[in-house]
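What follows is each chain in one-letter form.
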Amino acid sequence: MAASHDISAPKASESELRVRIIDAAKGLFAQRGYAATSMRDVAEGASCTKPALYYHFDNKEALFVEVIVTTTTTIVDVLRKATRTEGTVRERMVRSMTEYYACLRENPRALKVLLQAELSPEVGQPYIDFRSMRQTFV
């Protein structure tokens, strides 16, 4: 009797799926904006079902806020790490800016979403208190 083999692709862990969802949403929000991005679009972009998407995020507003928070946290972490290294003030500043720009080059959609959300928010877009958020990371 031949052995039975499961050749289906391994299922992504919940944390991997969450990262895929956030990444897909980031790209769609950057490309289309908040209003023109649907949860269906995000599910398709993340290669998941809508129930899986809604398991992680109750609605588009919660997903948008998570994209902003995740992106901001990533940038702040890069800057904190670079400034907490040894060296002169000048060396740490240069290192910080080098790492910051490298982070943005790796994911330009992140900067685009942040700039759109803060500088030209769309009608219906969730309010993000960027001033308070910046104070949190100082």
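Residues numbered from 1 in each chain as written. Predicted model: local features only at pLDDT ≥ 70, side-chain atom pairs only at ≥ 80, totals over all residues. Heavy atoms only, no water.

(A) The pattern of salt bridges, seen in detail. Applying the stated criterion across every chain, the model contains three salt bridges. Ionic pairing is found between Arg18 and Glu66, a salt bridge with its closest N-O pair at 3.8 Å. In this pair, Arg18 sits in helix α1 (residues 14–32) while Glu66 sits in helix α4 (residues 60–83), placing the two residues 48 residues apart along the sequence. A relative accessible area of 23% means that Glu66 is categorised as partly exposed. With a shortest N-O distance of 2.7 Å, Arg32 and Asp41 are connected by a salt bridge. (Salt bridge = Lys/Arg side-chain N within 4 Å of Asp/Glu carboxyl O. Helix = DSSP H or I, 4+ residues; strand = E, 2+ residues; numbered from the N terminus. Buried < 20%, exposed > 50% of the residue type's maximum accessible area, 1.4 Å probe, protein only.)

(B) Layout of the packing of aromatic side chains. Tallying each qualifying case throughout the model produces four aromatic pairs. Pairing Phe29 with Phe64 gives two aromatic rings, centres 5.1 Å apart and planes at 80 degrees, and the pair type is edge-to-face. One end of the pair, Phe29, is in helix α1; the other, Phe64, is in helix α4, and 35 residues separate them in sequence. We note that Phe29, like Phe64, is buried. (Phe/Tyr/Trp six-rings, centres within 6.5 Å; stacked < 30°, edge-to-face > 60°.)

(C) Fine view of the environment of Ala46. Within the secondary structure, Ala46 sits in the loop between α2 (39–45) and α3 (50–56). The exposure class assigned to Ala46 is buried, which follows from its relative accessible area of 1%. Remark: the alpha-carbon pair of Ala46 and Arg20, spanning 26 residues in sequence, is separated by 5.3 Å. Those residues in contact with Ala46 that lie beyond four places of it in its chain are Leu17, Arg20, Ile21 and Ala24. (Contact = heavy atoms within 4.5 Å.)

(D) Region of interest: unusual backbone geometry. One non-glycine residue, Ser47, lies in the positive phi region at around 55 degrees. Relative to the helices and strands, Ser47 resides in the loop between α2 and α3.

(E) Highlighting the packing of α1 against α4. Between α1 and α4, the shortest axis-to-axis distance is 10 Å and the interhelical angle comes to 95 degrees. Overall, the two elements α1 and α4 adopt an arrangement that is roughly perpendicular. From α1, Arg18, Ile21, Ile22, Ala25, Lys26 and Phe29 reach across to α4, where they touch Lys60, Leu63, Phe64, Glu66, Val67, Thr70 and Thr71. Along the lines of polarity and charge, the residues of the contact of α1 with α4 split into seven nonpolar, two polar and four charged. (Axes fitted to C-alpha atoms, helices over the stretch in contact; angles between N-to-C directions. Parallel < 35°, antiparallel > 145°, perpendicular 65-115°, else oblique. Nonpolar A, V, L, I, M, F, W, Y, C, P; charged D, E, K, R; others polar.)

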